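Residues per chain are reported as follows:
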Amino acid sequence: MSIPKPTAAELDLLQALWPLGSATAKQVHEAMQEEKPDLAYGTVLRLMQIMHTKGILIRDESQRSHVYAPAQAKDALQTNLLKDLMQKAFAGSAKALVLAALRSGISKKEREEIEKILKDEKK
């Protein structure tokens, strides 16, 4: 059974949870407060419960405060989302996806990093 694609709100939550590894809803809420100070704790808790039901998060219920963790590693989820985007928006062409990303504006530092990766691949 495959894990469903997360919504935008679920991706925001995962971005806060991945660096933590596993965390309680309170810890995730605190991490998300930096970017979204108006975000209510109840909203975070409910979203995490929904994500657990969908299989996006796993939950350890052995403690009083449930501890949640992503069901999928960040790299694996990003790869799956990227493959889906490439198929749907770029007719399966990795080249078209990369060119669109480059045209959308990248920093000089990002361009240098990309060039270094490409040079290293040639070796």
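Scroll up to find the structure.
No experiment lies behind these values; they were computed from the predicted model shown.

K.L.:
Help me out: how do you make sense of the environment of Tyr41 in this one?
P.N.:
Position of Tyr41 among the secondary structure elements: in helix H3 (residues 41-54). Classification of Tyr41 as partly exposed rests on a relative accessible area of 38%. In this structure, the C-alpha to C-alpha distance between Tyr41 and Ala25, residues 16 residues apart in sequence, is 7.6 Å. In contact with Tyr41, not counting residues within four places along its chain, are Ala25, Lys26 and His29.

K.L.:
Would you explain unusual backbone geometry in this entry?
P.N.:
Its identity as a non-glycine residue notwithstanding, Ala91 has a phi of 50°, on the positive side. If you trace the backbone, Ala91 turns up in the loop between helix H4 (74-89) and helix H5 (94-103).

K.L.:
How do you make sense of the pattern of salt bridges when you look at a structure like this?
P.N.:
Two side chains that carry opposite charge are able to pair once their charged atoms sit near each other. Across all of its chains, the model carries 7 salt bridges by this definition. Here Lys36 and Asp12 are joined by a salt bridge, their closest N and O atoms 2.8 Å apart. Note that Lys36 is positioned in the loop between helix H2 (25-33) and H3 and Asp12 in helix H1 (residues 8-20), a separation of 24 residues in sequence. The class for Lys36 is partly exposed, based on a relative accessible area of 36%. By relative accessible area, Asp12 is classed as partly exposed at 34%. We note a salt bridge from Glu113 to Lys109, for which the minimum N-O separation is 3.9 Å. One end of the pair, Glu113, and the other, Lys109, are both in helix H6 (residues 108-122), 4 residues apart, so they sit about a helical turn from each other. Residue Glu113 is classed as partly exposed on the basis of its relative accessible area, which comes to 42%. Three or more residues are tied together by salt bridges with common partners; here these are Lys5, Asp84 and Lys88.

K.L.:
Would you take a moment to explain the nonpolar core for this structure?
P.N.:
In a soluble, globular protein the nonpolar side chains are often hidden away together inside. Core analysis: the biggest nonpolar cluster contains 18 residues, and Leu13, Val28, Met48 and Leu57 have the highest contact counts within it. Per element, the largest residue contribution to this core is 5 residues, and it comes from H1. Setting aside chain neighbours within four positions, we find Leu13 in contact with Val28, Met32, Val44, Leu47, Met48, Met51 and Leu57.

Reading guide: rules and limits
- Residues numbered from 1 in each chain as written.
- Predicted model: local features only at pLDDT ≥ 70, side-chain atom pairs only at ≥ 80, totals over all residues.
- Heavy atoms only, no water.
- Helix = DSSP H or I, 4+ residues; strand = E, 2+ residues; numbered from the N terminus.
- Buried < 20%, exposed > 50% of the residue type's maximum accessible area, 1.4 Å probe, protein only.
- Contact = heavy atoms within 4.5 Å.
- Salt bridge = Lys/Arg side-chain N within 4 Å of Asp/Glu carboxyl O.
- Core = buried A, V, L, I, M, F, W, Y, C linked by side-chain atoms within 4.5 Å.

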